[in-house]
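# Structural description and commentary
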Amino acid sequence: MENLYEQQQPPPPNLSHPGIMAVDITAQFAHAVKRDLIKDEHFTLFESVSALEIGDPKMDSGFLHEGESLDEDYDVLQELLPEEILGIIDQLLCLEMAWHLGYPLSQTLLTNLYVEALMVPMPENICQADFTRDPVLRDRQPRMLSILRAYCLGLLKSCYFVNETVKDELYYEEEDFVTTTYDRNLLSNIPVEPINDLLLAARADLRAFNDIPKDVSAALDLRLELRIAFLRAIELISIRGANPESLKMPWIQMKGLMEHISKQHSLAKSVPESFSTKLQRRLASTMPPRPIVQPSFDETFDHFKRMFQDGLDIIDVLKYSDPQSLMNFVLTLQARKPQPHIYIRTLLQNLLFHEMRVLGSYSIRQIIDHDLSILVLPNSKQLDRAYDEIEVTSDPRHQIAAQMEVFRQRVAEPYLDVFRILCQNRCRVRRTLCHSIQEWDMLQVDVEGIDQLLQIALEDKPLVMESGSVLYSLPLSSWSFLYKLRQMEWIVQLGFELDVYQSDELAGMYWYLNYLAKERQHHVERIRTFVDRAFFEGGGVKDFNRIQDPPLGSAAHDQGSELKPGKLSAAKFLEFKCSLDFMRVTTLDAACTWEFADGLCCLYGVLARLNLLPLPGFSSTPGTAPPTSTSTSEPEQAGRPPSQQAAPAAGSSRYQRPYSDDAHRYEIRMKPFASIGHPRLPTFEEFQRATTQPDEDAYRVLHYAETAISGARKGFEALSKMSDVQSFSAGGEGCHARWTSNAKACLRAAIAAGVAVGVLRKALDSAGGGGGGGSKVGKEVLPDLTRTLRVELPPPEKRYHDWWIVPKLMSIA
C-alpha cells in the first residue's frame with residue numbers, strides 16, 4: 001500500500017525561477033508532527049497574543065526604553081508665563097475639536113497633564129478639583145494657574161454635557177464619535193454652578209492683574225468667556241418651551257468670540273511638554289499608546305465657526321409650522337457640505353424627540369395627525385378628537401377612533417425613525433434607509449387592513465373613473481406608500497451624492513430614479529383626486545380661469561386654480577388649501593425629478609454608444625477607448641484603433657468586468673428594492689432595454705433628452721421662486737434659504753446638462769453622422785468622436801448639485 005501511495009503522488013511543482021531557492025522540508029515536517037503537542041489550558045488565546053506584544057513599543061503600553069521613566073517629570077505647579085497659559089488653552093481648543101471630529105479622548109484631551117491632575121484622583125467637590133490636593137501647595141501655587149484651572153474645569157464640564165447628549169441619541173460608535181471616557185468621569189458629580197462661578201472669578205482676577213500685557217489679558221478673558229457661553233448654551237437647550245430667540249444668544253456670542261480668538265492666536269506660546277502620550281498608560285484601556293491627534297489652529301477655528309453657526313441654525317427647528325416643513329428643515333440642514341458635526345446632529349435629535357415630546361411641546365399624535373391632514377386627510381372624520389369620547393362600542397365613531405389609535409401606535413416609531421435616520425452621517429443615512437423601506441413596505445400592508453375596516457365604519461364610497469375602474473381612497477396606506485416612495489428616491493439620490501455608482505451605471509440609475517419619481521407623481525395625483533372630491537363635497541369651489549404656474553415643458557403637473565371657501569368654514573378651507581398646496585409642490589418636484597433623470601439617462605446612454613464615457617479603471621485620454629464586451633477577444637480588440645473596435649450589441653455592457661456580468665451586477669445593485677412589493681422592481685431585461693433604448697437612434701434620444709431637461713429647468717425655476725409657505729420650508733429664514741439654494745443648484749445643473757446635450761448634438765452634426773470610420777450600434781452608424789471630444793465627470797466638490805452628475809464635454813484641440 002505504501003508503494004501504491006507513493007506511485008499516486010503528483011510530481012513536485014516546478015519552482016525553477018530566478019531568485020527562488022526551493023528547500024525540501026518533507027522529512028523535517030514529518031518528524032515534527034510525530035512529536036506530542038503540549039497545550040496549557042490556562043494559556044488562552046488572549047494571553048498568547050499578549051505575549052507577542054510584550055516588549056513591542058508599538059503594542060506594549062508598559063514598555064520603557066533604557067533610562068525612560070514611567071511618569072512624566074513635568075511639574076504642573078511651576079510658574080508659567082501668561083503667553084504659555086494662552087498656548088496651552090489654544091492647544092486644548094484644538095484637541096477639543098479633534099474629539100468632536102471623532103478621535104478618542106485618549107488621543108486628545110486626556111493627554112494634557114493639567115487635565116489629568118484635575119481628575120486624578122477623582123474630585124468630590126469643586127475645591128478638590130485642583131492641580132494639587134495639598135492645601136499648603138494649593139495656596140502657594142502661581143496665581144496664573146487659577147486662570148488655567150478655571151478654563152480646564154469649564155472645558156471638562158462642557159465635554160461631559162456633550163458626551164451625555166451624544167450617548168442619549170442615535171449615533172454610531174467610532175464611526176461618528178467615541179464616547180469612552182477611560183474611567184475619567186469628566187467632573188460628572190460637580191454641579192455646573194460652582195464652575196461658572198469659578199470662571200467668572202477668574203475673569204475678575206484677570207482684570208486685576210496689572211502686570212500682564214493687555215492684549216494677552218484680553219485673549220485669556222475671551223477664552224474664559226467662550227467657556228461660559230458654551231455652558232450657557234447647553235443649559236438653555238435643556239429648557240423646554242423657551243423662546244427660540246433667547247436660545248440663540250450664546251451661539252451668537254460664541255460665533256463672535258471665535259472671530260476675535262482666531263486673531264489672537266499669534267500671541268500664544270506653546271508648551272509641548274505639558275502634553276504626553278505616557279498618560280495613556282494610566283487610562284482604563286487595552287489599546288496600545290497612540291500619537292496625539294491635533295488639528296492646526298486654522299482648521300480648529302473653521303470647525304468651531306461652523307459648529308457654532310450650525311448650533312445657531314438648529315434652534316429654528318423649534319419654530320414649528322407643520323410636519324412637512326419640519327421634514328424639509330432636517331433634510332436641508334443635514335444636506336449641508338460639510339455636514340454638521342455629530343454634536344449638532346444629536347442636539348437636533350434631542351430638540352426633536354426628547355422625552356417623547358416633539359420639539360418639547362407637541363405629542364406624537366399631534367404631529368402624525370397634522371401630517372395626515374396635509375397629505376391625505378384634510379378635514380376628515382378620522383382625525384376628529386371628539387370621537388375619542390364615544391364609549392359605546394357599537395357606535396361607528398368609537399370604531400373609527402379605536403382603529404385610528406391602532407394605526408398611530410403602529411406607525412409612530414417608523415415615522416419618528418425617518419427623522420432620526422436623516423440626522424446621521426450621509427453614508428449611514430443611505431444604509432439605514434435601505435432597511436427602513438422594508439419596514440415601511442410591511443407597514444403599508446398592515447395599514448391597508450385598517451383602511452378596509454375604516455371603510456365600513458365610514459361608509460366610504462368608491463370613486464368610479466371614466467374608464468370604468470373603481471378606486472377606493474385608502475388614505476392611511478396611501479400615506480405610508482408616499483413615505484416609502486420618498487425614501488426609495490433618497491436612497492438612489494444619495495448613491496449619486498456618495499459616488500456609489502460607477503460611470504457606466506449612471507444611465508441605469510438615473511432611469512430607475514425616473515421610474516420612482518413617475519410612480520410618486522402618479523400616486524400624488526391619485527391622492528389629489530380624493531382630496532378634490534372631499535373639497536367639492538364639503539362645499540368648496542375652484543376658479544379654473546386663473547392659472548398660477550408656468551407650464552413645465554412636457555411634464556404633466558398641476559397648473560393650479562384659485563381656491564374659494566364656498567360653504568366651507570375658514571378653518572376647514574385652510575386645511576384643504578394647505579393639503580392642495582402640498583399636492584402642487586410635490587407634483588412639481590416629482591415632475592422635475594423624473595424629467596431631469598430621464599434627460600441624464602438619455603445623455604449618458606448616447607455617450608456610451610459613442611465610446612466617450614470614461615469607465616472605471618481606464619484613462620479618458622483622447623484616442624484611447626476601453627475594451628468592449630464582444631465576441632472578439634480582448635487582446636485582439638486592444639490592438640485596434642477605437643474606430644475599428646467592435647461595438648457592443650444593443651442592451652449589453654460596454655465593459656466586461658471580471659467575475660461578474662450585467663445581470664448579476666443589476667441584482668446586487670437593486671437588492672435593497674428587490675423585496676418591495678410595490679412599486680415592483682423592473683426585470684433586468686426591462687431595465688436594460690429602457691436604459692439603452694436600442695430601437696431609437698442617437699439623434700432622437702438626444703432630442704428627447706433636450707426636451708426633458710428643458711422641462712426640468714422650467715420646473716426648478718418655478719420651485720426656486722416659491723415662498724416658504726408654498727414650498728413648505730417655513731422653519732425660519734434659514735430653512736427657506738436652504739430650500740431656495742437647493743432648487744437653484746438643481747436649476748444650474750439642468751442648465752449645464754442642456755449645454756452638454758447641445759455640445760454633443762453639435763459634434764454629431766459636424767461629424768456628418770457616417771463614414772468608413774464609424775462604429776455601429778444595431779443599424780445605426782455613428783461617427784468616431786473619441787479623437788475630437790472628451791468627457792469628464794466632475795468630482796462631488798465641483799458639481800452644481802450633489803444628486804445631479806452632469807458630464808462636462810470638451811473639444812480636443
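Shown above is the structure to which this text applies.
Computed from a predicted structure; not experimentally measured.

Thresholds, definitions, all that
- Residues numbered from 1 in each chain as written.
- Predicted model: local features only at pLDDT ≥ 70, side-chain atom pairs only at ≥ 80, totals over all residues.
- Heavy atoms only, no water.
- Helix = DSSP H or I, 4+ residues; strand = E, 2+ residues; numbered from the N terminus.
- Buried < 20%, exposed > 50% of the residue type's maximum accessible area, 1.4 Å probe, protein only.
- Contact = heavy atoms within 4.5 Å.
- Areas by Shrake-Rupley, 256 points an atom, 1.4 Å probe, with all protein chains shown as cover.
- Phe/Tyr/Trp six-rings, centres within 6.5 Å; stacked < 30°, edge-to-face > 60°.
- Core = buried A, V, L, I, M, F, W, Y, C linked by side-chain atoms within 4.5 Å.
- Salt bridge = Lys/Arg side-chain N within 4 Å of Asp/Glu carboxyl O.
- Axes fitted to C-alpha atoms, helices over the stretch in contact; angles between N-to-C directions.
- Parallel < 35°, antiparallel > 145°, perpendicular 65-115°, else oblique.
- Left-handed = near helix turned anticlockwise from the far one by under 90°.
- Nonpolar A, V, L, I, M, F, W, Y, C, P; charged D, E, K, R; others polar.
- Polar contact = N/O pair within 3.5 Å; in protein donor to acceptor, adjacent residues only side chain to side chain.
- Disulfide = S-S within 2.5 Å.

## Quick look at the overall build of the chain
Within the chain one finds 25 helices and 8 strands. Taking all 813 residues of the chain together, the buried fraction comes to 51%. Excluding contacts between residues fewer than 6 apart, the proportion of contacts in the chain whose partners are at least 24 apart in sequence is 76%. Of the accessible surface of the chain, which amounts to about 38,600 Å², a share of 54% is contributed by carbon and sulfur atoms.

## Some details on the packing of aromatic side chains
Scanning the entire structure with this criterion turns up 32 aromatic pairs. Taken together, a centroid distance of 4.7 Å and an interplanar angle of 45° make the contact between Tyr-320 and Tyr-362 tilted. Of this pair, Tyr-320 sits in the loop between helix H11 (297-314) and helix H12 (323-334) while Tyr-362 is found in the loop between helix H13 (342-353) and helix H14 (364-375), placing the two residues 42 residues apart along the sequence. Taking 5.6 Å as the distance between ring centres and 90° as the angle between the ring planes, the aromatic pair formed by Phe-582 and Phe-728 counts as edge-to-face.

## Focus: the nonpolar core
Ranked by size, the top nonpolar core spans 225 residues in total, and within it Trp-251, Tyr-510, Phe-596, Leu-760 and Trp-804 carry the most contacts. Among the elements that make up this core, the one with the highest residue count is helix H19 (residues 570-609) (17 residues). For Tyr-510, the contacting residues outside a window of four places in its chain are Phe-496, Ala-597, Leu-600, Cys-601, Tyr-604, Trp-803, Trp-804 and Ile-805.

## Some details on the environment of Ser-380
Mapping Ser-380 onto the fold places it in the loop between H14 and helix H15 (396-422). Residue class for Ser-380 comes out buried when judged on its relative accessible area of 17%. In this structure, the C-alpha to C-alpha distance between Ser-380 and Lys-572, residues 192 residues apart in sequence, is 9.6 Å.

## Topic: the pattern of salt bridges
Scanning the entire structure with this criterion turns up 46 salt bridges. Note that Arg-184 and Glu-116 form a salt bridge whose closest N and O atoms lie 2.8 Å from each other. In this pair, Arg-184 is assigned in the loop between helix H7 (145-168) and helix H8 (192-208) and Glu-116 in helix H5 (residues 113-119), connecting sequence segments 68 residues apart. On the basis of relative accessibility, which here comes to 8%, the residue Arg-184 falls in the buried class. Since its relative accessible area comes to 4%, Glu-116 is described here as buried. Across the pair Glu-245 and Lys-248 runs a salt bridge, and its minimum N-O distance is 3.6 Å. Residue Glu-245 and its partner Lys-248 are both found in helix H10 (residues 244-264); the two are separated by 3 residues, about one turn of the helix. The class for Lys-248 is buried, based on a relative accessible area of 11%. Several salt bridges share partner residues, and in doing so they unite Arg-365, Asp-369, Asp-388, Glu-405 and Arg-408 into one network.

## Brief notes about the packing of helix H17 (residues 475-497) against helix H18 (residues 506-538)
Between H17 and H18, the least distance of the axes is 10 Å, while the angle of their chain directions is 160°. As summarised for this structure, H17 and H18 are arranged roughly antiparallel, according to the angle between their axes. In this structure, H17 crosses over H18, and the sense of that crossing is left-handed. When grouped by side-chain class, the residues that make up the contact of H17 with H18 number 15 nonpolar, 3 polar and 5 charged.

## Overview of the side chain of Thr-332
Its location among the elements puts Thr-332 in helix H12. The exposure class of Thr-332 is buried, given its relative accessible area of 14%. At 2.7 Å, the side chain of Thr-332 forms a polar contact with the backbone oxygen of Asn-328. Side chain to side chain, Thr-332 and Arg-738 meet in a polar contact 3.1 Å long. Those residues in contact with Thr-332, other than ones at most four positions away along the chain, are Cys-735, Arg-738 and Trp-739.

## Some details on unusual backbone geometry
The peptide bond linking Val-120 to Pro-121 adopts the cis configuration, its omega dihedral lying at -10°. Following Lys-337, the chain continues to Pro-338 via a peptide bond in cis, the omega torsion being -5°. Residue placement: Pro-338 occurs in the loop between H12 and H13. One non-glycine residue, Asn-379, lies in the positive phi region at around 50°. Examined against the element boundaries, Asn-379 turns out to sit in the loop between H14 and H15. The backbone of Leu-474 shows a phi angle near 45°, a positive value even though the residue is not glycine.

## Comments concerning the state of the cysteines
Two cysteines form a disulfide when their sulfur atoms are joined by a covalent bond. This structure, assessed with the given rule, holds 0 disulfides. Of the cysteine sulfurs around Cys-601, a residue in no disulfide, the closest is that of Cys-602, at 5.4 Å. With a relative accessible area of 1%, Cys-601 lands in the buried category.

## Some points on the side chain of Thr-111
Within the fold, Thr-111 resides in the loop between helix H4 (82-100) and H5. Here the side chain of Thr-111 touches Thr-108 through a polar contact of 2.6 Å, landing on its backbone oxygen.

## Focus: the environment of Leu-454
Summarising the element assignment, Leu-454 is placed in helix H16 (residues 426-458). Here the alpha-carbon distance between Leu-454 and Ile-400, two residues 54 residues apart in the chain, equals 6.2 Å. Apart from the residues within four sequence positions on either side, Leu-454 is in contact with Gln-382, Ile-400, Gln-403, Met-404 and Leu-476.

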